[in-house]
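Here is how the chains run, residue by residue.
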Amino acid sequence: MHQPDSQPRPSLYYNYQVHAPWLPSQHGPQERHPVAIVGSGPAGMVLALELARHGVASVVLTAELQVSQGSRAIVFTRRSLEILQQVGVADRMMQLGLPWRFGNSFYRGQPVFRMEAPHDEDDRFFPMLNLQQQYLEEYLLDACQASPFIELRWGNQVTHVSQQQGYVEATVDTPEGPYTLSSQWLVAADGGRSGIRSQLNLEMEGASYEGLFVIADIKIDLPLPTERLAFFDPDWNRGNTILMHREPHGIWRVDYQLPPGESPQEALRIESLTSRINAQLEMMGYGGTPWALDWSSVYSARTLTLPDFVHGNVIFTGDAAHLLPIFGVRGANTAFQDAQSLGWHLAFVVKGLVSDQLLRNHSKERVGAAREIIEEAGKSTRFMTPPAGGFTLLRNAVLSLSLSQAFVRPLYHWRTSRPHEYTHSWLNSRGDDNALFKAGPAHGAPPQNIRLAQDDYLLDHLGGGFDLLYFTDQPSFPEPLLQVVTHVRAQGVPLRVVAVSAGDVVQGADITLHDHSGHCRRRYGVPASGAAYLLRPDQHVCARWLTLDATRLQAALDTALLRHLNA
Ligand SMILES: Cc1cc2nc3c(=O)[nH]c(=O)nc-3n(C[C@H](O)[C@H](O)[C@H](O)COP(=O)(O)OP(=O)(O)OC[C@H]3O[C@@H](n4cnc5c(N)ncnc54)[C@H](O)[C@@H]3O)c2cc1C
């Protein structure tokens, strides 16, 4: 019988709420659910919220009675905030989170490189926002609880899944014993140690690295701005690296590498943590400043992915689908993109709008994203924790040269998480003008945000369904295009016409965005009236035209819905 911990987790800054378990005896007979989601981490809850936007109900099964232990993911990228805006939690993130855009690297105590992440006036969100994962989960949870499409079952641990003909049966253990839950689709969002992945005997591809790292969150008053700090090869931890980040509530994350051979148990002893943190503070000139430990953990770097996320009617997402190193803040930030993608792909299949081939597209796109991240993350990981003599030599050469040679310093800058572009997606139009554009987001890219007015941005108006972004100086949306839009909508496909106009309201469009200065047109590479972009429900571009007609629009929609495969 599953007995989750009912004591609130300890924390110096976060009040854990313990939720009541969902017990089968208190509910009637169980019907088959369209979607069951195992896990209420970032991936599970963003997925449930995305499905809800499409009117698809889900039941979320989660083993614990409270949100995640410790701060875990603390750095959220701009694209993540754009995704979180879509599911209604970005405002709360912004209220408490600490935005930042600079990173400082030090070698043996000397500053050697200052990284600046690009940020311009068209961006609603900063490149990075620091906030502890408990808050993110709390905000997502509140949004889930407010949705009539989401049922969250605390204290429900999935112990076994069994694929049936066209559906899945899960054995769910609770504090009063097990029950069976049947669903058409089951999504494993059960984290890095996914029991479902193990039960199905699925092998991951990629590499695991040997170095171990400690994460310690301490409460301390340091007079420093919110910027990433990276210390290479300091006197107190020769050959290794220390990262530091500021978090809300006066918490600092200290993240350091352990010497080879030291066990996690030894590293997490309070005496060991204290002496290392004191040595770090001493090196920074803050020796003797009082501090208190909030949470500590040990992790290693892995770059692993499942080669396919869809197995029968079981789909893997987030950390259950891949394990990525946290350098470059790739874990949760990638999980949001997975969940956002899966949300609309799965909703369209559940609603019968497309064949389940669309899920193959999701898997292909997101496995491609994981492989790209693994390639990039592998480079940073080999720099942070060199796996062999050659890599160590290279790293030491870069580090020592950086003291005198400016040209090597940018090598310190490991790339942080960025959204994958679905350049080769099956959903991209073949007969459009993608190659003819000189600016703007290309096939598969997420859209560029544009500031339209004081507190009004382009992305505030996009997403959820398909959006046809139509640039015009005419007073109305052309009738032949409207007929295509009306026909597709009549089939249940959500599609909105968003007119971008230098003039008045455009008749026939669902909404008109005013671009009096022509700034939006320029950034989207639009030379003349009548150009358009087609965006998927996850906002990525799947077609763009310098001039649009009804035949080309219909063809692009057929491609995006994989209907050309059935023709
Ligand atoms: C120490 C640490 C620091 C990190 N720092 C960062 C960072 O700075 N930036 C970043 O982007 N990422 C970071 N990450 C990674 C980030 O926390 C994860 O990538 C993110 O939480 C993944 O979300 P997820 O929903 O896929 O999985 P998880 O958050 O792990 O959620 C899994 C969920 O499944 C539930 N569950 C598991 N098994 C079962 C079961 N059998 N039945 C029912 N429920 C089950 C769990 O209770 C949990 O709710 C860090 C992770 C750790 C551990």
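Located above this text is the structure these notes cover.
Summary of the structure given here. For clarity, every value in this text was computed on a predicted model and none was experimentally measured. (Residues numbered from 1 in each chain as written. Predicted model: local features only at pLDDT ≥ 70, side-chain atom pairs only at ≥ 80, totals over all residues. Heavy atoms only, no water.)

1. Section: the overall build of the chain
Move 1: On a plain count of helices and strands, the chain comes out with 13 helices and 26 strands.
Move 2: The C-alpha atoms of the chain give a radius of gyration of 25 Å, which matches the 24 Å a tight globule of 567 residues would have.
Move 3: C-alpha extents for the chain along the principal axes are approximately 75 × 65 × 40 Å.
Move 4: Counting every position in the chain, which comprises 567 residues, the buried fraction comes to 57%. (Helix = DSSP H or I, 4+ residues; strand = E, 2+ residues; numbered from the N terminus. Rg over C-alpha atoms; globule rule 2.2 N^0.38 Å. Buried < 20%, exposed > 50% of the residue type's maximum accessible area, 1.4 Å probe, protein only.)

2. Observations regarding the sheet that holds strand β24 (residues 511-514)
Move 1: Taken in spatial order, the five strands line up as β24-β23-β22-β25-β26 in an open sheet, and their pairing is mixed. The strands lining the two open edges of the sheet, one partner per strand, are β24 and β26 (541-545). Strand-to-strand twist across the sheet, computed as the mean angle between neighbouring axes with direction ignored, equals 20 degrees.
Move 2: In the sheet, strand β22 (residues 466-472) pairs with strand β25 (residues 532-535) via four bridges, with the strands oriented antiparallel. Its bridge partner lying in β25, tyrosine 470 is registered against alanine 532.
Move 3: Set on the sheet, helix α11 (residues 479-490) makes contact with β22 and β23 (495-501); between it and β23 the angle comes to about 150 degrees.
Move 4: Against the sheet, helix α13 (residues 550-560) contacts β22, β23, β25 and β26, and its axis sits at roughly 170 degrees relative to β26. (Pairing = 2+ DSSP bridges. Axes fitted to C-alpha atoms, helices over the stretch in contact; angles between N-to-C directions. Contact = heavy atoms within 4.5 Å.)

3. Details of α13
Move 1: All of the buried residues along α13 are Arg552, Leu553, Ala556, Leu557, Thr559 and Ala560. Seen end-on, α13 carries its buried residues on one side only, within an arc spanning 160 degrees.
Move 2: Measuring from the side-chain oxygen of the N-cap residue of α13 to the backbone nitrogen of threonine 551 gives 3.1 Å; that N-cap residue is aspartate 549.
Move 3: Once α13 ends, the next one or two residues include leucine 562, with phi positive near 60 degrees. (Arc of directions from axis to C-beta. Polar contact = N/O pair within 3.5 Å; in protein donor to acceptor, adjacent residues only side chain to side chain.)

4. Some remarks on the side chain of arginine 521
Move 1: Mapped onto the fold, arginine 521 is located in helix α12 (residues 519-523).
Move 2: Leave out the neighbours within four places in its chain, and arginine 521 touches Phe471, Thr472, Asp473, Asp515, Val526, Ala528 and Ser529.

5. Let's talk about the site of the ligand
Move 1: Neighbouring the ligand are 31 residues; Ala43, Gln133, Val158, Asp319 and Ala332 lie closest to it.
Move 2: Here an oxygen atom of the ligand and a backbone polar atom of alanine 43 are 2.9 Å apart.
Move 3: Alanine 63 is positioned such that a nitrogen or oxygen atom in its backbone is 3.2 Å from a nitrogen atom of the ligand.
Move 4: Out of a free accessible area of 990 Å², the ligand has 86% covered by protein chains.
Move 5: The set of elements that each furnish at least two residues to the shell around the ligand consists of α1 (42-53), β9 (157-164) and α8 (331-350).
Move 6: At three residues, the largest contribution of residues to the shell around the ligand is made by α8.
Move 7: Class assignment for the residues of the shell around the ligand results in 14 nonpolar, 11 polar and six charged. (Near = heavy atom within 4 Å. Areas by Shrake-Rupley, 256 points an atom, 1.4 Å probe, with all protein chains shown as cover. Nonpolar A, V, L, I, M, F, W, Y, C, P; charged D, E, K, R; others polar.)

6. Overview of the pattern of salt bridges
Side chains that differ in charge, positive against negative, can pair when their charged atoms come close.
Move 1: Throughout the structure, instances matching the rule amount to 29 salt bridges.
Move 2: The partner of arginine 92 in a salt bridge is glutamate 138, with the nearest N and O atoms 3.7 Å apart. Taken together, the residues span a long stretch of sequence, with arginine 92 in helix α3 (residues 90-96) and glutamate 138 in helix α4 (residues 133-145) at a distance of 46 residues.
Move 3: For arginine 153, the salt bridge identified is with glutamate 151, shortest N-O distance 2.9 Å.
Move 4: Look at arginine 153 and you get buried, because its relative accessible area is 2%.
Move 5: What emerges from the salt-bridge pattern is a single network uniting Arg108, Asp233, Asp235 and Arg238. (Salt bridge = Lys/Arg side-chain N within 4 Å of Asp/Glu carboxyl O.)

7. Here's the deal with helix α2 (residues 78-86)
Side chains that are three or four residues apart share a direction in an α-helix, a result of its 3.6 residues per turn.
Move 1: Burial analysis of α2 places eight of its nine residues in the buried class, which makes it a mostly covered element.
Move 2: Within the sequence span of α2, burial applies to Arg78, Arg79, Ser80, Leu81, Glu82, Ile83, Leu84 and Gln86.
Move 3: Buried residues along α2 sit against α1, β3 (75-77), α3, β7 (128-130), α4 and α8.

8. Here's the deal with the nonpolar core
Generally speaking, a soluble globular protein has its nonpolar side chains buried in company with each other.
Move 1: Residues Leu84, Phe466 and Leu534 are the most contacted members of the largest nonpolar core, which totals 86 residues.
Move 2: For leucine 84, the residues in contact, after removing those within four places along its chain, are Val46, Val89, Ala90, Met93, Leu136, Leu140 and Phe336.
Move 3: Core analysis: the second largest hydrophobic core is formed by 23 residues, Val158, Tyr179, Leu306 and Phe316 among them. (Core = buried A, V, L, I, M, F, W, Y, C linked by side-chain atoms within 4.5 Å.)

9. So, the packing of α11 against α13
Move 1: Contact geometry for α11 and α13: axes closest at 8 Å, N-to-C directions at 25 degrees. Looking at the two axes, α11 sits roughly parallel to α13. Handedness of the crossing formed by α11 with α13: right-handed. The segment α11 lies against α13, with Pro480, Leu481, Val484, Val485, His487 and Val488 engaging Ala550, Leu553, Gln554 and Leu557. (Parallel < 35°, antiparallel > 145°, perpendicular 65-115°, else oblique. Left-handed = near helix turned anticlockwise from the far one by under 90°.)

10. Concerning the packing of aromatic side chains
Describing an aromatic ring pair means giving the distance of the ring centres and the angle of the ring planes.
Move 1: This model, assessed by the stated rule, comprises 17 aromatic pairs.
Move 2: With a centroid separation of 5.3 Å and 40 degrees between ring planes, the pair formed by tryptophan 22 and tyrosine 179 is classed as tilted. In this pair, tryptophan 22 is assigned in the segment before β1 (33-38) and tyrosine 179 in strand β11 (residues 179-188), connecting sequence segments 157 residues apart. Judged on exposure class, the residue tryptophan 22 and its partner tyrosine 179 are both buried.
Move 3: Taking 6.0 Å as the distance between ring centres and 45 degrees as the angle between the ring planes, the aromatic pair formed by phenylalanine 76 and phenylalanine 336 counts as tilted. (Phe/Tyr/Trp six-rings, centres within 6.5 Å; stacked < 30°, edge-to-face > 60°.)

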